[in-house]
Amino acid sequence: MTASSMQIYEDEGVAILNDVSFIQKNSEKLIIMQGSCDDAKVNTRTYSAVLGGEVSIQRPDDGLAIKGSDITWDNDLQRISTDKSFILLYDSDSEIQGIGLTCDFRTSTYEFDTITEGRLAP
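On a predicted model such as this, the values are computed, not experimentally measured, just so you know.

Asker: Would you mind showing me how to read the sheet that holds strand β8 (residues 109–119) here?
Answerer: Whether parallel or antiparallel, the strands of a sheet pair through hydrogen bonds between backbone atoms. The strand order across the open sheet formed by eight strands is β1-β2-β3-β4-β5-β6-β7-β8, and the pairing between neighbours is antiparallel. Of all strands in the sheet, those with a lone pairing partner are β1 (2–9) and β8, marking the two edges. Each neighbouring strand pair of the sheet contributes to a mean axis angle of 25 degrees, computed without reference to strand direction. The sheet contact formed by β1 and strand β2 (residues 14–25) spans seven bridges and is antiparallel. Following the sheet pairing, M6 is matched in β2 by L17.

Below you can see the structure in the form of structure tokens.
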């Protein structure tokens, strides 16, 4: 993670970051996830985080981009979730919009609470 500013609270095990960008690579040094957010509150012990403001996440292997706000990252489970609105974009020009999303990146499983609009392209 990189940020324009960071405040670390060692006693609480928390870091507060602003204007954040992040990249996750696999063991072969290939990007498996990247993105940005306006701010993040990171647990410095577990590396789980709450990504705030405008959040954008790309998963090149899945051909997927996620846009939303207030997205929670569970580092141990490699899972994101939000109860807010989101947009899911696929390489093939497919798009799903809704409210409430959970993505398990270990299994590439995506669950939606409510789909408000969608377009599936071949």
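Next comes the rest of the account.
Asker: Please clarify how the pattern of salt bridges should be interpreted in this entry.
Answerer: Two side chains bearing opposite charge may form a pair once their charged atoms approach each other closely. On inspection of all chains with the given rule, the structure shows six salt bridges. A salt bridge links D83 to K84, with the nearest nitrogen and oxygen atoms 3.8 Å apart. Overall, D83 belongs to the exposed group, its relative accessible area being 58%. Take K84: its relative accessible area is 35%, and that puts it in the partly exposed class.

Asker: Is there a simple way to explain a negative patch on the surface in this structure?
Answerer: A cluster of acidic residues, D19, D38, D39 and E54, forms a negative patch on the protein surface. In this structure, D38 sits in strand β3 (residues 31–43).

Asker: Help me out: how do you make sense of the nonpolar core in this one?
Answerer: It is characteristic of soluble globular proteins that their nonpolar side chains tend to be buried jointly. Counting residues in hydrophobic clusters, the biggest one holds 24 residues, and the most contacted among them are L51, I57, I66, I80, L88, C103 and F105. For this core, the secondary structure elements donating two or more residues are β2, β3, β4 (49–59), β5 (64–74), β6 (79–90) and β7 (95–104). Dropping the residues within four chain positions of it, I80 is found in contact with I57, I66, I71, T72, W73, L101, T102, C103 and F105.

Asker: Would you mind going over the packing of aromatic side chains with me for this structure?
Answerer: The way to describe two aromatic rings as a pair is by their centre distance and the angle between their planes. All told, the structure shown has three aromatic pairs when counted by the stated rule. On the numbers, 5.7 Å between centres and 15 degrees between planes, the contact of F86 with F112 is stacked. With F86 in strand β6 and F112 in strand β8, this residue pair connects regions lying 26 residues apart in the sequence. An aromatic cluster is present here, built from W73, F105 and Y110 joined pairwise through their rings. A cation over a ring is seen here: R59 above F105, with NZ or CZ 4.1 Å from the ring centre.

Rules used throughout
For every chain, the first residue of its written sequence is number 1, and the numbers climb from 1 along that sequence. Since the coordinates come from a predicted model, pLDDT governs what is reported: local features require at least 70, and pairs of side-chain atoms require 80 or more to be given and counted, while whole-chain, interface and lining totals use all residues. To obtain the side-chain values, all non-hydrogen atoms of the structure were used and water was disregarded. The rule for pairing is simple: two strands pair if DSSP sees at least two bridges between them. Secondary structure counts use DSSP, requiring at least four H or I residues in a row for a helix and at least two E residues in a row for a strand, with both numbered from the N terminus. Note on method: axes are straight lines fitted to C-alpha atoms, helices fitted across the in-contact stretch only, with angles between N-to-C directions ranging 0 to 180 degrees. Salt-bridge detection follows one rule: a side-chain nitrogen of Lys or Arg within 4 Å of a carboxyl oxygen of Asp or Glu. Throughout, exposure labels follow a simple rule: accessible area from a 1.4 Å probe, protein chains only, divided by the maximum for the residue type, with under 20% read as buried, over 50% as exposed, and the rest as partly exposed. Exposure above 30% relative accessible area and no salt bridge define the residues that can form patches, which grow by joining like charges within 9 Å and nonpolar side chains of Val, Leu, Ile, Met, Phe, Trp and Tyr within 5 Å. With residues, only the protein chains shown are counted as cover, and all accessible areas are computed by Shrake-Rupley using a 1.4 Å probe. When charges are tallied, Lys and Arg are placed among the positive residues and Asp and Glu among the negative ones, while His and the ends of the chain are skipped. A charged residue contributes its charge at one atom only: NZ of Lys, CZ of Arg, CG of Asp or CD of Glu. By convention a nonpolar core is built from buried Ala, Val, Leu, Ile, Met, Phe, Trp, Tyr and Cys residues, the set being connected through side-chain atoms within 4.5 Å. Note on contacts: a residue pair is in contact if any heavy atoms of the two residues lie within 4.5 Å. What counts as a ring pair is set by centres within 6.5 Å for rings of Phe, Tyr and Trp (its six-membered ring), and what kind of pair is set by the plane angle: stacked under 30 degrees, edge-to-face over 60, tilted for all other angles. Two thresholds decide whether a charge sits over a ring: the Lys NZ or Arg CZ must be within 6 Å of the ring centre and within 35 degrees of the ring normal.

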